[in-house]
There are 2 protein chains.
Amino acid sequence: MSNTKIVVDAMGGDYAPEWIIRGAVEAINEGAKAHIILTGKEDIIKSELAKYTYDSSAITIVDAQEEITCHDAPVSAVRTKKNSSLVVGMNMVKNGEADAIISAGSSGAILAGGQLVVGRSKGVKRSPLAPLLPTNKGYSLLIDCGANVDARPEHLLQFAKMGSIYMENIEKVKNPRVAIVNIGDEEEKGNALVKETYPLLKACKDINFIGSIEAREIPNGAADVIVCEAFVGNVILKLYEGLAKMLLGEIKKTIMSSFKSKIGGLLIKSSLSGLKERFNAKNKGGAPLLGLKGLVVKIHGNSHNEEVKSAIFQCITFKENDVNRKIADELGKEMVSSNE
Amino acid sequence: MSNTKIVVDAMGGDYAPEWIIRGAVEAINEGAKAHIILTGKEDIIKSELAKYTYDSSAITIVDAQEEITCHDAPVSAVRTKKNSSLVVGMNMVKNGEADAIISAGSSGAILAGGQLVVGRSKGVKRSPLAPLLPTNKGYSLLIDCGANVDARPEHLLQFAKMGSIYMENIEKVKNPRVAIVNIGDEEEKGNALVKETYPLLKACKDINFIGSIEAREIPNGAADVIVCEAFVGNVILKLYEGLAKMLLGEIKKTIMSSFKSKIGGLLIKSSLSGLKERFNAKNKGGAPLLGLKGLVVKIHGNSHNEEVKSAIFQCITFKENDVNRKIADELGKEMVSSNE
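This is a predicted model, so every value here is computed, not measured.

(A) Geometry of the overall build of chain A. When helices and strands are tallied, chain A shows eleven helices and eleven strands. Relative to the globule expectation of 20 Å for 340 residues, the C-alpha radius of gyration of chain A, 21 Å, shows essentially globular dimensions. With respect to the principal axes defined by its C-alpha atoms, chain A has extents near 70 × 60 × 40 Å. Relative to its 340 residues, chain A shows a buried fraction of 58%. Pairs at least 24 residues apart make up 72% of the contacts formed inside chain A by residues separated by at least 6 positions. Accessible surface, chain A: about 14000 Å² in total, of which carbon and sulfur atoms supply 51%. Charge-centre separation for chain A: the mean point of 43 positive side chains lies 3 Å from the mean point of 41 negative side chains.

(B) Highlighting the packing of helix H6 (residues 153-169) of chain A against helix H7 (residues 192-203) of chain A. Residues and elements named next belong to chain A. The N-to-C vectors of H6 and H7 enclose an angle of 50°; their axes lie 9 Å apart at closest approach. By the angle class used here, H6 and H7 are oblique. The chirality of how H6 crosses H7 is right-handed. Two secondary-structure elements touch here, H6 through Pro-153, Glu-154, Leu-156, Leu-157 and Ala-160 and H7 through Leu-193, Glu-196, Thr-197, Leu-200 and Leu-201. Residue composition of the contact of H6 with H7, grouped by class: seven nonpolar, one polar and two charged.

(C) Seen up close, the packing of aromatic side chains. All names here are of chain B. Evaluation of the coordinates by the stated rule reveals four aromatic pairs over all chains. Seen from their ring centres, Tyr-198 and Phe-209 are 5.1 Å apart, and the 80° between their planes marks the pair as edge-to-face. Of the two residues, Tyr-198 sits in helix H7 (residues 192-203) while Phe-209 sits in strand E8 (residues 208-214), which places them eleven residues apart along the sequence. Per residue, the accessibility class of Tyr-198 equals that of Phe-209, and both read buried.

(D) Just the interface of chain A and chain B, in detail. Facing 52 residues of chain A, the contacting portion of chain B comprises 52 residues. Carbon and sulfur atoms make up 75% of the surface buried where chain A meets chain B, a total of about 4600 Å² over both sides. Looking only at chain A, the three residues that lose the most surface to chain B are Ile183(A), Phe231(A) and Leu239(A), adding up to 15% of its buried area. Across the pair Lys238(B) and Glu214(A) runs a salt bridge, and its minimum N-O distance is 2.4 Å. Joining chain A to chain B, the criterion identifies six residue pairs in polar contact (both at pLDDT 80 or more). At the level of secondary structure, the elements contributing two or more residues to the side of chain A that touches chain B comprise strand E7 (177-182), H7, helix H8 (230-255) and helix H9 (259-278) of chain A. At 19 residues, the largest contribution of residues to the side of chain A that touches chain B is made by H8(A). Residue composition of the side of chain A that touches chain B, by class: 28 nonpolar, 16 polar and eight charged.

(E) Quick peek at the pattern of salt bridges. Considering all chains together, one arrives at 36 salt bridges over all chains under this definition. Two residues, Glu48(A) and Lys51(A), come together in a salt bridge whose shortest N-O distance is 2.9 Å. A salt bridge links Glu306(A) to Lys309(A); its shortest N-O distance comes to 3.7 Å. Separated by three residues within a single helix, Glu306(A) and Lys309(A) lie in helix H10 (residues 305-320), roughly one turn from each other. Judged by relative accessible area, which is 29%, Glu306(A) ranks as partly exposed. Each of Glu214(A), Arg216(A), Lys238(B) and Glu241(B) takes part in salt bridges that share partners, so that together they form one network.

(F) Geometry of the pairing of strand E4 (residues 100-103) of chain A. Residues and elements named next belong to chain A. Of the two faces of E4, both are covered, the one formed by Ala-100 and Ile-102 as well as the one formed by Ile-101 and Ser-103. In the sheet, strand E1 (residues 4-9) pairs with E4 via three bridges, with the strands oriented parallel. Within the sheet, the bridge partner assigned to Val-7 lies in E4 and is Ile-101.

(G) Region of interest: the relation of the copies chain A and chain B. Overlaying chain A with chain B gives an RMSD of 0.0 Å, the required rotation being 180° about an axis along which the chain moves by 0.0 Å. This pairing of chains is accounted for by a two-fold axis. If distances are taken from each C-alpha of chain A to the rotation axis, the shortest is found for Gly264(A), at 1.8 Å. Comparing contact sets, 100% of the residues at the interface of chain A also lie at the interface in chain B, consistent with an isologous, same-surface contact.

(H) Highlighting the sheet that holds strand E9 (residues 225-227) of chain A. As summarised here, the arrangement of the five strands in space is E5-E6-E9-E7-E8 (chain A), forming an open sheet in which the pairing is mixed. Pairing within the sheet leaves two strands with one partner each, and these edge strands are strand E5 (132-134) and strand E8 (208-214) of chain A. Here the average twist between neighbouring strands, direction ignored, is 35°. Along the sheet, H7(A) contacts E7 and E8 of chain A; its crossing angle with E7(A), the most-contacted strand, is approximately 170°. Seen against the sheet, helix H8 (residues 230-255) of chain B touches E5, E7 and E8 of chain A and runs at an angle of roughly 120° to E7(A).

(I) Looking closely at a positive patch on the surface. Residues and elements named next belong to chain A. Residues Arg-79, Lys-82, Lys-94 and Lys-293 make up a contiguous surface patch of positive charge. Mapped onto the fold, Lys-94 is located in helix H4 (residues 85-94). On the basis of relative accessible area, Lys-94 is assigned to the partly exposed category, the value being 45%.

(J) Quick peek at the side chain of Ser121(B). All names here are of chain B. The residue Ser-121 is located in the loop between helix H5 (107-118) and strand E5 (132-134) in this model. Judged by its relative accessible area of 11%, Ser-121 is buried. Setting aside its immediate chain neighbours within four residues, Ser-121 contacts Gly-291, Leu-292 and Lys-293.

(K) Region of the structure containing the sheet that holds strand E10 (residues 287-289) of chain A. All names here are of chain A. On the basis of which strands lie adjacent, the open sheet formed by six strands has the order E3-E2-E1-E4-E11-E10 and mixed pairing. Strands with a single pairing partner mark the edges of an open sheet, and in this sheet they are strand E3 (59-63) and E10. On average, adjacent strands in this sheet sit at an angle of 25° to one another, irrespective of strand direction. Most of the contacts of H4 go to E4, to which it runs at about 160°, and overall it touches E1, strand E2 (34-40), E3, E4 and strand E11 (295-298). Its contacts with the sheet put H10 on E1, E2, E4, E10 and E11, and the angle it makes with E1 is roughly 145°.

(L) Representation of a nonpolar patch on the surface. Residues and elements named next belong to chain A. On the surface, Phe-259, Ile-263 and Leu-266 cluster together to form a nonpolar patch covering roughly 340 Å² of accessible area. Positionally, Phe-259 belongs in helix H9. Residue classification places Phe-259 among the exposed positions, given a relative accessible area of 66%.

Cut-off values and rules
- Along each chain, numbering runs from 1 in the same order as the chain's sequence is written.
- Labels are handed out in written order, letters beginning with A for the chains and numbers beginning with 1 for the ligands.
- Per-residue local features are limited, in this predicted model, to residues with pLDDT of at least 70; the limit for side-chain atom pairs, both in listing and counting, is 80 or more; totals at the level of whole chains, interfaces and linings are taken over all residues.
- Only hydrogens and water are removed before side-chain values are computed, so all heavy atoms of the structure are retained for them.
- For the purposes of this entry, the term helix denotes a DSSP run of H or I that reaches at least four residues, the term strand denotes a run of E that reaches at least two, and both are numbered from the N terminus.
- Note on method: radius of gyration uses C-alpha positions; expected globular size equals 2.2 Å times residues raised to 0.38.
- Burial here depends on accessible area, computed with a 1.4 Å probe over protein chains only, as a share of the maximum for the residue type. Under 20% is buried, over 50% is exposed, and the range in between is partly exposed.
- Here, two residues are considered to be in contact whenever any of their heavy atoms come within 4.5 Å of each other.
- Where accessible areas are quoted, they stem from the Shrake-Rupley method and a 1.4 Å probe; at the residue level, only the protein chains shown are allowed to cover.
- When charges are tallied, Lys and Arg are placed among the positive residues and Asp and Glu among the negative ones, while His and the ends of the chain are skipped.
- For this purpose, a charge sits on NZ of Lys, CZ of Arg, CG of Asp or CD of Glu.
- Angles here are taken between N-to-C directions and fall from 0 to 180 degrees, while the axes themselves are lines fitted to C-alpha atoms, restricted in helices to the stretch in contact.
- When an angle is under 35 degrees it counts as roughly parallel; over 145 it counts as roughly antiparallel; between 65 and 115 it counts as roughly perpendicular; any other value is oblique.
- For any helix crossing, the convention is left-handed if the near helix is rotated counterclockwise from the far helix by under a right angle, and right-handed if that rotation is clockwise.
- Each residue gets one label: Ala, Val, Leu, Ile, Met, Phe, Trp, Tyr, Cys and Pro are nonpolar, Asp, Glu, Lys and Arg are charged, and the others, such as Gly, are polar.
- Here a pair means two rings of Phe, Tyr or Trp (six-membered ring of Trp) with centres within 6.5 Å. Their orientation is stacked below 30 degrees between planes, edge-to-face above 60, and tilted elsewhere.
- Joining two parts hides part of their accessible area as seen by a 1.4 Å probe, and the buried area is that hidden amount summed over both.
- The salt bridge definition used is simple: a Lys or Arg side-chain nitrogen within 4 Å of an Asp or Glu carboxyl oxygen.
- In protein, a polar contact requires one atom able to donate a hydrogen and another able to accept it; more generally it is a pair of N or O atoms within 3.5 Å, and residues adjacent in sequence count only if both atoms are side-chain atoms.
- Pairing between two strands is assigned when DSSP locates at least 2 bridges connecting them.
- Superposing the copies works by least squares over the C-alpha atoms of residues that have pLDDT at least 70 in both of them.
- Patch rule: a residue counts if its relative accessible area is over 30% and it has no salt bridge; like charges are joined within 9 Å, and nonpolar side chains (Val, Leu, Ile, Met, Phe, Trp, Tyr) within 5 Å.

As far as function goes, none of this settles anything; it's purely spatial.
Set out below in structure tokens:
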């Protein structure tokens, strides 16, 4: 199997370019079957790369002098900054010069660029962003957390199919359980969107639909693929991050509040750091933007080398398991049957 | 000031009637300026009350032989079980024989009964359910978590006003900060509902609107009144409960996993229980269903005496601060100005 060609946006993210480039080099040095294309300011990238020893045939640089920042309006930035590290890289994916792109840059620009530059696969109505959420059983895919607010039932059905293919091929979950986020577990509950989507999911033979999931059951890993429209998905993702951070912060503050509990804190420290590691999704790569002509992976803006490295391995697994073709086949089938 | 007349649904909830009745008696014994009306099976209530010493003139029983359970379809249960402890109590509120009702029974039936039996105040378009969420700064009111899915912008505007009045009068927050749940903090972000609601909130002179709030900021107490439609509110509330429970459970399991960390756990136990107490909303009463002709308070299905007791004090504060009249005045003003 030929190496997966992966663009890494060297200029995007809080710790770019230093930690981003370091992650790319580490992936190569750890045996990633990939060819990495670093997009960004050539001189800066070169001087960063000079710090490391690695197989230089595995990494090339494509110069891109512009940068998209979080202050740029996403859609117009993608349209006007044609020579930015992100847009140059996305064009390479579009043109088949690369299989995937990884970026820690502006979320809005990544989402906009995925749709406008890379473009959707035939049959895909909307491209969902699908991060993994840590649960007490492992990880669940939350689909969609992207920019597709006000989705329609047929979009959610496609999200369910794409999410199932992703979990089966990348996370190796057999027959992944698909559920729709709802405010009760009865079929007749929910808002208009959920009520219309539910029967579509129930009737779909290509997924293992288990019904509604209440938000309280998400942390318990009650489903593998959690379907919702982007507004709700974004609320779930952000609250997950914010609440976990706040609670752990308060616990830490409490432990530091007395001498006795400080000693206690020292004794539980190693056990807790194991737990923290388990809930840290940085070893799980980034959030894929699915259903595009290539793979776009959004990693956290505060990503370091570890996140970049695991996203590179994620892209390789994605390519080696031919996930994009499987998605195109599945959603193409839908087009055929709707033409019948 | 005359005593507040409060119905307590003696038959609703996992720990009814024993712990519910105990909470009512304790409130009276702790000096609550209330007259309590216990609705439910008279003989059972009588034998429970016989366990306690209390001012018997402060508690009366109104017999209601039926019960609404969680298995009943809410709307039809409210319509057909006219002699249930919940419906009998709600009719007393409707008829002015009581100021408020507290129930730990079926959420669906409480919401349905509030709208169908007690009825909305003049000018109120929808009645929101508004629980308090614990944050690292105190408490924020999440409005709406009820059954009003697919709300319209004018409903959310009313929720913002009612929530402000509640926080000002009950939680004594001066000039409460109102924010709308959104997926970014710029004005142009959001789904169709948020985009239409935002300018209404911004233009409203009666509230202190501070803009959008991302879900990640909710645990940090970034706003006092958090406005959203019920589907999103329900997701936030349930995820808040579920994630906090899961994380604390995992931490406990981790601490118990080794001898060393078990000892550490013992040393931090008292500090952590203070934290747990701070995040426990049971001393904050229940979730009010606002904008009705009387006050309906939904307490958790697993409520014990403490929750009942604090809900009784909540109802007294509500009455003594004339919150219902303030809401009616505020929303009535809106009717006048829309007629101009």
